[in-house]
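Here's the letter readout for the chains.
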Amino acid sequence: MDFNVKRLAADAGTFLSRAVQFTEEKLGQAEKTELDAHLENLLVRAENTKLWTERIMKQTEVLLQPNPNVRLEEFVYEKLEKKAPTRLNNHDLLGQSMIESGGEFGPGTAYGNALIKCGETEKQIGGAERELIQSAAINFLTPFRNFLEGDFKTILKEKKLLQVKRLDLDAAKTRLKKARMADARAAAEQELRMTQSEFDRQAEITRLLLEGVSSTHAHHLRCLNDFVEAQSTYYAQCYQYMVDLQKQLGSFPSTFSNNNQSSVSGGASNSVPTIPVSASLPSVSAGRSSSTASGGFNELRSSNGSRKARVLYDYDAASSSELSLLADEVIVVSSVPGMDSDWLMGERGNQMGKVPITYLELLN
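By convention here, each chain's residues receive numbers from 1 onward along its written sequence. For a predicted model such as this one, the threshold for reporting local features is a pLDDT of at least 70, and the threshold for listing and counting side-chain atom pairs is 80 or more; totals across whole chains, interfaces and linings nevertheless cover every residue. The basis for the side-chain values is all heavy atoms of the structure; hydrogens and waters are excluded.

Peer 1: Would you mind showing me how to read the overall build of the protein here?
Peer 2: Numbering of helices and strands runs from the N terminus, with a helix taken as a DSSP run of H or I at least four residues long and a strand as a DSSP run of E at least two residues long. Summing up its helical and strand segments, the protein has ten helices and five strands in all. Residues counted as buried form 34% of the 364 residues belonging to the protein. Any two residues having at least one pair of non-hydrogen atoms within 4.5 Å are treated as being in contact. Considering only residue pairs separated by 6 or more positions, the protein has 68% of its internal contacts joining residues 24 or more positions apart. Accessible surface, the protein: about 22000 Å² in total, of which carbon and sulfur atoms supply 56%. Exposed residues in this analysis have more than 50% of their type's maximum accessible area, buried residues have under 20%, and partly exposed residues fall in between, with area computed by a 1.4 Å probe over protein chains only. For the area figures, the Shrake-Rupley method with a 1.4 Å probe applies, and any residue is considered shielded solely by the protein chains shown.

Peer 1: What am I meant to see in the confidence of the model for the protein here?
Peer 2: Detail in the predicted coordinates should be disregarded across regions flagged by low pLDDT. The predicted model of the protein averages 82 in pLDDT, with 80% of residues at 70 or higher. How sure the predictor is of each residue is captured by pLDDT, a score from 0 to 100. Per-residue pLDDT stays below 50 along residues 253-293; that stretch engages in 50 contacts with residues further than four places along the chain or on separate chains.

Peer 1: Can you help me understand the packing of helix α5 (residues 110-178) against helix α7 (residues 213-249) in this one?
Peer 2: Taken N-terminus to C-terminus, the directions of α5 and α7 make an angle of 175°; their axes are 9 Å apart at the nearest point. On the basis of their axis angle, the class for α5 and α7 is roughly antiparallel. Gly is placed with the polar residues, together with every amino acid not listed as nonpolar (Ala, Val, Leu, Ile, Met, Phe, Trp, Tyr, Cys and Pro) or charged (Asp, Glu, Lys and Arg). Class assignment for the residues of the contact of α5 with α7 results in 22 nonpolar, ten polar and five charged. Note on definitions: angles span 0 to 180 degrees between N-to-C directions of axes, and those axes are lines fitted to C-alpha atoms, for helices only across the stretch in contact. Relative orientations are named as follows: roughly parallel for angles under 35 degrees, roughly antiparallel for angles over 145 degrees, roughly perpendicular for angles from 65 to 115 degrees, and oblique for any other angle.

Peer 1: Looking at this structure, how should I read a nonpolar patch on the surface?
Peer 2: A grouping of Leu72, Phe75, Val76 and Leu80 is seen on the molecular surface, where their side chains present a nonpolar patch of about 390 Å² in accessible area. Along the polypeptide, Val76 turns up in helix α3 (residues 68-79). Patches draw on residues past 30% relative accessible area with no salt bridge. Two like charges within 9 Å are joined, as are two nonpolar side chains (Val, Leu, Ile, Met, Phe, Trp, Tyr) within 5 Å. A pair is scored as a salt bridge if a Lys or Arg side-chain nitrogen falls within 4 Å of a carboxyl oxygen belonging to Asp or Glu.

Peer 1: For this particular structure, what's the right way to read the pairing of strand β4 (residues 351-356)?
Peer 2: In regular strands, side chains alternate between the two faces of the sheet. Relative to β4, strand β3 (residues 343-348) runs antiparallel, the two sharing six bridges. Bridge assignment links Glu347 to a residue of β4, and that residue is Met352. Counted between consecutive antiparallel strands, the loop separating β3 from β4 contains two residues, among which Gly349 sits at a positive phi close to 65°. Pairing between strands is defined by DSSP: at least two bridges between the two strands are required.

Peer 1: Looking at this structure, how should I read the sheet that holds strand β2 (residues 330-334)?
Peer 2: Sheet strands pair by backbone hydrogen bonding; their relative direction is either parallel or antiparallel. The strand order across the open sheet built from five strands is β4-β3-β2-β1-β5, with neighbouring strands paired in antiparallel fashion. The two strands at the open ends of the sheet, each matched to only one other strand, are β4 and β5 (360-362). Between one strand and the next, the sheet's axes are offset by a mean angle of 45°, whatever the strand orientation. Summarising the sheet, β2 and β3 pair through three bridges and their orientation is antiparallel. Paired with Val332 across the strands is Glu347, a residue of β3.

Peer 1: Just checking my understanding: could you explain unusual backbone geometry for this structure?
Peer 2: The bulk of non-glycine residues show a negative phi, and the bulk of peptide bonds are trans. Here Asp328, not a glycine, exhibits a phi torsion of approximately 80°, which is positive. Tracing the backbone shows Asp328 in the loop between β1 (306-311) and β2.

Peer 1: Sorry, what's going on with the pattern of salt bridges here?
Peer 2: Charged atoms that come close allow side chains of opposite charge to pair. Tallied over the entire structure, the rule returns nine salt bridges. A salt bridge links Lys165 to Glu198, with the nearest nitrogen and oxygen atoms 3.4 Å apart. Of the two residues, Lys165 is situated in helix α5 and Glu198 in helix α6 (residues 182-211); the sequence distance between them amounts to 33 residues. For Glu198, a relative accessible area of 23% gives the class partly exposed.

Peer 1: When you look at the packing of aromatic side chains in this model, what are you seeing that I'm missing?
Peer 2: Centre-to-centre distance and the angle between the planes together describe a pair of aromatic rings. Pairing of aromatic side chains requires ring centres within 6.5 Å, counting the rings of Phe and Tyr and the six-membered ring of Trp. Pairs whose planes differ by under 30 degrees are stacked, by over 60 edge-to-face, and all others tilted. Scanning all chains against the criterion turns up eight aromatic pairs. Consider the rings of Phe140 and Phe227, whose centres lie 4.5 Å apart with planes at 10°: the pair is stacked. On the criterion of sequence distance, the pair formed by Phe140 in helix α5 and Phe227 in helix α7 is long-range, its members being 87 residues apart. The exposure class of Phe227 is buried, given its relative accessible area of 9%. Ring geometry for Tyr315 against Trp343: centres 6.5 Å apart, planes inclined by 70°, an arrangement best described as edge-to-face. Of this pair, Tyr315 sits in the loop between β1 and β2 while Trp343 is found in strand β3, placing the two residues 28 residues apart along the sequence. You'll find Tyr315 and Trp343 in the same group, each marked buried.

Peer 1: Would you take a moment to explain helix α2 (residues 37-64) for this structure?
Peer 2: Because each turn of an α-helix spans 3.6 residues, side chains separated by three or four positions end up pointing in the same direction. Compared with an ideal rise of 1.5 Å per residue, which puts 28 residues at 40 Å, α2 spans 40 Å between its outermost C-alpha atoms and is within 8% of the ideal. Of all the positions in α2, only Leu39, Leu42, Leu43, Ala46, Thr49, Thr53, Met57, Thr60 and Leu64 are classed as buried. Lining the buried residues of α2 we find α5, α6 and α7. For α2, the side-chain oxygen to backbone nitrogen distance between the N-cap and His38 is 3.1 Å, and the N-cap itself is Asp36. Helix span is expected to be 1.5 Å times the residue number reduced by one. Identification of polar contacts relies on pairs of N or O atoms within 3.5 Å, with a donor-acceptor requirement for protein atoms, meaning one able to donate a hydrogen and the other able to accept it, and with residues adjacent in sequence counted only if both atoms are side-chain atoms.

Peer 1: So what exactly am I meant to see when it comes to the nonpolar core here?
Peer 2: One broad rule of soluble globular proteins: the nonpolar side chains tend to lie buried together. By convention a nonpolar core is built from buried Ala, Val, Leu, Ile, Met, Phe, Trp, Tyr and Cys residues, the set being connected through side-chain atoms within 4.5 Å. One finds Phe140, Leu210 and Tyr234 to be the most contacted residues of the largest nonpolar core, which totals 32 residues. Among the secondary structure elements, those contributing two or more residues to this core are α2, α5, α6 and α7. Per-element tally for this core: the top contributor is α5, with 15 residues. Leaving out residues up to four positions away in the same chain, Leu210 has contacts with Leu39, Leu42, Leu43, Arg45, Ala46 and Ile155.

Take a look at the structure:
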C-alpha cells in the first residue's frame with residue numbers, strides 16, 4: 001500500500017510537471033524542443049494520408065451504394081459482426097418489373113418480348129454490379145480501412161508518446177536552468193541525460209513508423225489497380241450486355257414500322273421508341289447490314305442515283321457529319337463512292353449528312 005501511494009504521488013508529480021511545461025510553452029514562457037524537419041515532414045505526410053484515405057473511402061462507398069440508409073444498415077451489421085441480408089439492387093428490381101410486364105402483355109407480342117429481353121439484360125447488369133461491389137470491398141475498401149484502424153492508430157499512439165517525452169525533456173531542461181546548488185545541478189543533469197535518451201529513442205521509433213507510410217502508399221497503389229480492373233471488367237460486361245440487347249431488338253424493325261404505319265393510317269401520329277445506334281459501334285451495325293442492305297439498297301448503290309426513303313424511327317446524330325432523323329419523315333438518300341455500306345447520304349431541304357440504312361425504308 002505504501003508503494004502504491006508513493007507511485008501514485010510520483011505519477012501525479014510527473015503529470016503536473018508536464019502540464020506546467022505545456023502551459024508555459026503556450027504562453028511563450030518556456031523553451032520548446034523542435035522536431036527535426038524530416039520528422040515533421042513525415043508527420044504531415046501521415047496526416048494527409050489519413051485525411052485523403054478517409055475521403056476516398058467515403059466517396060467510394062457512396063459510389064457503390066448511393067442509398068445512405070442501406071450504407072448505415074451495412075455499417076451496423078459490420079459492427080455487430082453479422083452478415084447483412086441479401087437485397088435486390090436497382091437493376092434487379094427494374095429487370096423484374098420489365099419481365100413481369102412483358103409476361104402480362106404477352107411474350108408472343110413484339111413489345112412483351114422486347115420487355116422480357118430488356119429485363120433479362122437488366123438482371124445481368126445487376127449481377128455484374130454485385131460482383132463489382134464485392135471485389136471493391138475486398139480488394140480496395142478493406143485495405144484502406146485496415147490502415148486507418150490499424151497502422152495509423154499505432155502512429156497516433158507513438159506520436160502522443162513522443163509528445164510526452166518531449167515535455168519531459170523540456171521540463172528537465174527548465175529544472176537544470178533553475179538549479180543553483182551543486183547537488184541539485186548534478187541531479188538535474190542526470191535527469192536531462194535520461195530524458196534526452198528516452199526522447200531520442202521515441203523519436204526514432206516514431207520515424208520508423210512514419211517512413212512505413214511509403215509502403216502503405218505502394219500497397220494502396222496495388223489496391224487502386226485492382227479497383228480499376230474491377231471497374232473495367234464491370235463496364236465491359238455492361239457494354240457487351242447492351243450490345244447483345246441491341247442486336248436482339250434489331251430483329252424487330254419491321255414490327256415497329258408496321259405498328260407505326262397502322263397508327264398513321266388511323267389518323268394519329270405516335271412517336272416510335274428510339275433504338276440508338278452509334279457510329280462508334282461498327283460491330284452492331286455490321287450485324288444488321290446483312291439483313292437490311294438488300295434489294296433496293298444494293299440497286300441504289302449500283303445506280304449511283306437517289307431515292308426517297310421513309311424514316312422508321314428517331315435517330316440522333318452522333319457527329320456533325322451525320323443527319324438527325326424523325327420517325328415518319330421522308331428524305332432523299334443517295335450513295336456516295338467510298339462510303340461505308342451501312343450508311344447513305346441523306347438530304348432534307350438544305351441539310352445533308354450521313355444516315356444509317358437500318359433506320360430507313362426505301363419508297364417506290
